[in-house]
Amino acid sequence: MKQYDPKSLKAEEFIHDGEIRETLAYAEANKNNVELIDSILEKARPKKTETGYRCEGLTHREASVLLACEIPEKIEEIYKIAEEIKLAFYGNRIVIFAPLYLSNYCVNGCVYCPYHLKNKEIPRKKLTQEEVRAEVIALQDMGHKRLAIEAGEHPTENPIEYIIECINTIYSVHHKNGDIRRVNVNIAATTVENYRKLKDAGIGTYILFQETYHKESYLALHPTGPKHDYDYHTEAMDRAMEGGIDDVGLGVLFGLELYKYEFAGLLMHAEHLEAVHGVGPHTISVPRLKRASDIDPDQFDNGIDDDTFAKITACIRLAVPYTGIIISTRESEAVRTRLLHLGVSQVSGGSRTSVGGYAGYANDERPHDTEQFDVSDQRSLDEVVHWLMENGHIPSFCTACYREGRTGDRFMSLCKSGQILNCCHPNALMTLSEYLEDYASPATRAKGYEVVARELDRIPKEKVRKIAEENIEAIRASNRRDFRF
Ligand code: SAM
């Protein structure tokens, strides 16, 4: 019988089925235990310190009790605290990125993904380096600075050498005032050696969704191909960290299994990374299953409604306060608007999920043939930027942290130090100004400079504020770019 051990490097010991089941039973038994719920909420609340705020986070058991709780006032309290935590550590900034699909060749049999080997409906495509360049120019012309590259798993069509070549190409393109300053990578689980190659290529976060933490379901949902190996997949983040990558991004694909099970597993994974490597996940993504070629989401029984989805997101925010939460264009504008108040700190914008979906297509044109899944939020990046500002957020194109070596626990310390308003805030305003100057529509530009003027006043240190003001002046008056703290 395997024991639960967050420090173990064996998947079945740190994602321990027995521990998850006991957690769910404990949460169910305590879902109306107001005294316990209040004490958990109190623990989760941000506490003021001399320099800023401090947050303790929650264990997977505590957070599971909140997720199980059905008392309306307590749920409102969870939402309120989620927003307080978001504001305490991330302010009103929202980081923006776009996915770049490199190749949909795939040898796996994932039953929910249109890239699965047996899908003959979808044309297979892989970008040449010339095409990567064209995509990157199109993304730069939209205003993007941060990408997440995506690819199926195929040892001969998309080997690691191909991925590295694409990363090098992406970083080499400097079109007008544009450049891509951070490439995050979402590719299949791989070896320590390959993770080291990704690290050496200068990637930001390595993202890998677990899809489901429920082993039996995992094996059935990934019936064939290398992804079938649950242990290899689940232990990937440990190999990534061994390979030198210290920003890793977790996620589950909601809809595949029972969400309470996934939620506990996800937080146990975060606790495991913290216990073994001293640093939790940099980000958590919350994708929901979508319609796609050869995929009908109604075939899966575990779809979650918008209220449950909101509750999950807020509970993640309470449990891991220093981890970014990402929401993609799988979700509609309405859902994204709601979740932005519950702890989300990164959104994608203007996304295309097809291979070669950016270059040569106007804003309202969408190639569907190689698409990975339906995109709900089909607005342009300019519309997304405008919407964020209308809702009181600051769209940020900042990529400073990892370029200044603030990754892993160094990023977490910045988060905890209370210095974010003197660092991330001016960086957000400077990168937003670059966007406004180089890419925004007149209406977005006008709105944006109002936001910049207002938000500059919130930088506490006068010296920092002055430098930020001067840099923004330089951005407006010249082609000087890429200022950062
Ligand atoms: N091939 C890589 C892997 O195996 O992890 C990752 C790339 S895949 C392009 C990115 C993610 O898309 C997957 O991890 C999965 O969670 C998600 N995905 C697959 N099919 C989906 C669907 N029908 N709806 C929403 N998301 C989906």
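Residues numbered from 1 in each chain as written. Predicted model: local features only at pLDDT ≥ 70, side-chain atom pairs only at ≥ 80, totals over all residues. Heavy atoms only, no water.

Caption draft 1: Representation of the overall build of the chain. Secondary structure summary: the chain contains 20 helices and 11 strands in total. Across its three principal directions, the C-alpha atoms of the chain cover 65 × 55 × 40 Å. Put simply, the chain has 485 residues, and 62% of those count as buried. When contacts within the chain are restricted to residue pairs at least 6 apart in sequence, long-range pairs at least 24 apart make up 74% of them. Taken together, the 60 basic and 76 acidic charged side chains of the chain have centroids lying 4 Å from each other. (Helix = DSSP H or I, 4+ residues; strand = E, 2+ residues; numbered from the N terminus. Buried < 20%, exposed > 50% of the residue type's maximum accessible area, 1.4 Å probe, protein only. Contact = heavy atoms within 4.5 Å. Lys, Arg positive; Asp, Glu negative; His and termini not counted. Charge placed at Lys NZ, Arg CZ, Asp CG, Glu CD.)

Caption draft 2: Molecular detail of unusual backbone geometry. Positive phi values are uncommon outside glycine, yet K176 reaches one of about 50°. Within the element layout of this structure, K176 appears in the loop between α7 (160–172) and β5 (182–186). We note that E211 has phi near 70°; this positive angle belongs to a residue other than glycine. Take E211: it is sitting in the loop between β6 (206–207) and α9 (215–221). Exposure remark for E211: the relative accessible area of 8% places this residue in the buried category.

Caption draft 3: View of the site of the ligand. Around the ligand lies a shell of 19 residues, among which Y112, A151, E211, K227 and K290 are the nearest. Between R330 and the ligand, the recorded distance is 3.1 Å, taken from a side-chain N or O atom to a nitrogen atom. Grouping the amino acids of the shell around the ligand by side-chain chemistry returns 10 nonpolar, three polar and six charged. (Near = heavy atom within 4 Å. Polar contact = N/O pair within 3.5 Å; in protein donor to acceptor, adjacent residues only side chain to side chain. Nonpolar A, V, L, I, M, F, W, Y, C, P; charged D, E, K, R; others polar.)

Caption draft 4: Broad picture of the pairing of strand β4 (residues 146–151). Counting buried positions over the six residues of β4 gives six, a clear majority of the element. Residue alternation in β4 divides its side chains into two sets, R146, A148 and E150 and L147, I149 and A151, and both sets are buried. Of the pairings in the sheet, the one linking strand β3 (residues 93–103) to β4 comprises five bridges and is parallel in character. By the bridge assignment for β4, S103 is matched with A151. Considered for its hand, the β-α-β crossover made up of β3, helix α6 (residues 129–142) and β4 is right-handed. The sheet contact formed by β4 and β5 spans five bridges and is parallel. (Pairing = 2+ DSSP bridges. Right-handed = clockwise from strand over helix to strand, strands pointing away.)

Caption draft 5: Spatial organisation of the environment of Y213. Looking at the element boundaries, Y213 is found in the loop between β6 and α9. In the structure, Y213 is positioned 56 residues away from H269 in sequence and 9.2 Å away in space, judged by C-alpha atoms.

Caption draft 6: Broad picture of the packing of helix α2 (residues 17–29) against helix α4 (residues 60–68). Two numbers describe how α2 lies on α4: the axes approach to 8 Å, and their chain directions differ by 45°. Accordingly, the angle class assigned to the pair α2 and α4 is oblique. For the pair α2 and α4, the crossing hand works out as right-handed. Residues E19, E22, T23, Y26 and A27 of α2 pack against H60, R61, S64, V65 and A68 of α4. Each residue belonging to the contact of α2 with α4 can be placed in one class, and the counts come to four nonpolar, three polar and three charged. (Axes fitted to C-alpha atoms, helices over the stretch in contact; angles between N-to-C directions. Parallel < 35°, antiparallel > 145°, perpendicular 65-115°, else oblique. Left-handed = near helix turned anticlockwise from the far one by under 90°.)

Caption draft 7: Representation of the side chain of N427 in the model. Among the structural elements, N427 can be located in helix α18 (residues 424–438). Polar contacts involving the side chain of N427 include one to the main-chain amide nitrogen of F485, which spans 2.8 Å. For N427, the contacting residues outside a window of four places in its chain are C398, A400, R406, F483, R484 and F485.

Caption draft 8: Just α6, in detail. In a regular helix each residue adds 1.5 Å, so 14 residues correspond to 20 Å; α6 covers 20 Å between its end C-alpha atoms and thus fits that length. All of the buried residues along α6 are Q129, V132, E135, V136, A138, L139, Q140 and M142. In this structure, the buried residues of α6 make contact with β3, β4, α7, α15 (381–390) and α18. In the segment just after α6, G143 is the residue with positive phi, at about 120°. (Expected span 1.5 Å × (residues − 1).)

Caption draft 9: Fine view of the side chain of N184. Position of N184 among the secondary structure elements: in strand β5. Accessibility expressed as a relative area gives 5% for N184, which makes it buried. Dropping the residues within four chain positions of it, N184 is found in contact with R146, L147, A148, I149, G204, T205 and I207.

Caption draft 10: Highlighting the state of the cysteines. Enumeration over the complete set of coordinates arrives at zero disulfides. Here C423 is not cross-linked by a disulfide; its sulfur's nearest cysteine counterpart is in C424, at 4.8 Å. Judged by its relative accessible area of 9%, C423 is buried. (Disulfide = S-S within 2.5 Å.)

Caption draft 11: Representation of the pairing of β3 in the model. The element β3 is largely enclosed, with a buried count of 11 among its 11 residues. With three bridges connecting them, β3 and strand β11 (residues 394–396) associate as parallel partners. Residue pairing across strands places R93 opposite I394, the latter belonging to β11. Sheet topology note: the β3/strand β10 (residues 346–348) ladder contains three bridges and is parallel. Opposite V95, over in β10, you have Q346 as the bridge partner.

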